[in-house]
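# Coordinate inspection notes
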Amino acid sequence: LTPKTASMAEQAPGGTSNSQAEVLKAVGNEHFKKKELAQALAAYDGAIELEPSNHVFYSNRSATHALLGDHEASRRDAVTCVELSPSFLKGHLRLATAQIQLGAANSTLALTLTLALACSPGTDPARYLQYTPDKTNE
């Protein structure tokens, strides 16, 4: 943990690694909402360091990497997320979003979206994709 994230984690009641990780996730979520992405990333990094088996932490960090434009890091975190929790719809959709940004083959994207549909029958995964065309200097 960095000194800053360690300080944030110490605020957790009870002081267990899991509760500290949840505090860091909450801190990351607040920074994410404010578009303070570097701080959000640091908080999610700390949460993952404390609890590396929590798929939601990887999902949140994947979304942060995507907004920072690091689509390969977003893809890696999304892959870890779905490996940890294959039925977690958001993980598959984060992976699909990263794949779109990285120009993945249609067959790869189709497989990812098929798996997403299997997680949540009746859901339109396209509705959740965070794809927006790159905008230059606007």
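Computed from a prediction, not measured in an experiment: that's the story for all the values here.

### Notes on helix H5 (residues 71-84)
Residues separated by three or four positions in an α-helix point in the same direction, a consequence of the helix having 3.6 residues per turn. An ideal rise of 1.5 Å per residue puts 20 Å on 14 residues; H5 measures up with 20 Å between its terminal C-alpha atoms. Those residues of H5 lying buried are His71, Ala73, Ser74, Asp77, Ala78, Cys81 and Val82. Buried residues of H5, viewed axially, fall in a sector of 165°; they line one side. For H5, the elements touching its buried residues are helix H4 (55-68) and helix H6 (89-102).

### A word on helix H7 (residues 106-119)
Taking 1.5 Å per residue, 14 residues should reach 20 Å; H7 reaches 20 Å between its end C-alpha atoms and fits that length. Turning to H7, the residues buried within the fold contact H6.

### What about the packing of aromatic side chains?
Overall, the coordinates contain 0 aromatic pairs when judged by the stated rule. The residue whose ring lies beneath lysine 35 is phenylalanine 32, and the NZ or CZ to ring-centre distance is 5.6 Å.

### Details of the pattern of salt bridges
Counted according to the given criterion, the structure contains 6 salt bridges. Between glutamate 72 and arginine 75 there is a salt bridge; the shortest N-O distance is 2.6 Å. Placement of the pair is glutamate 72 and arginine 75 together in helix H5, with a separation of 3 residues, close to one helical turn. A residue is classified by how much of its surface remains accessible, and arginine 75, at 27% relative accessible area, is partly exposed. A salt bridge links arginine 76 to glutamate 72, with the nearest nitrogen and oxygen atoms 3.8 Å apart. Remark: glutamate 72 and arginine 76 occur in helix H5; sequence separation between them is 4 residues, near one turn of the helix. For arginine 76, a relative accessible area of 45% translates into the label partly exposed.

Rules and cut-offs
- Residues numbered from 1 in each chain as written.
- Predicted model: local features only at pLDDT ≥ 70, side-chain atom pairs only at ≥ 80, totals over all residues.
- Heavy atoms only, no water.
- Helix = DSSP H or I, 4+ residues; strand = E, 2+ residues; numbered from the N terminus.
- Expected span 1.5 Å × (residues − 1).
- Buried < 20%, exposed > 50% of the residue type's maximum accessible area, 1.4 Å probe, protein only.
- Arc of directions from axis to C-beta.
- Contact = heavy atoms within 4.5 Å.
- Phe/Tyr/Trp six-rings, centres within 6.5 Å; stacked < 30°, edge-to-face > 60°.
- Lys NZ or Arg CZ within 6 Å of the ring centre and 35° of its normal.
- Salt bridge = Lys/Arg side-chain N within 4 Å of Asp/Glu carboxyl O.

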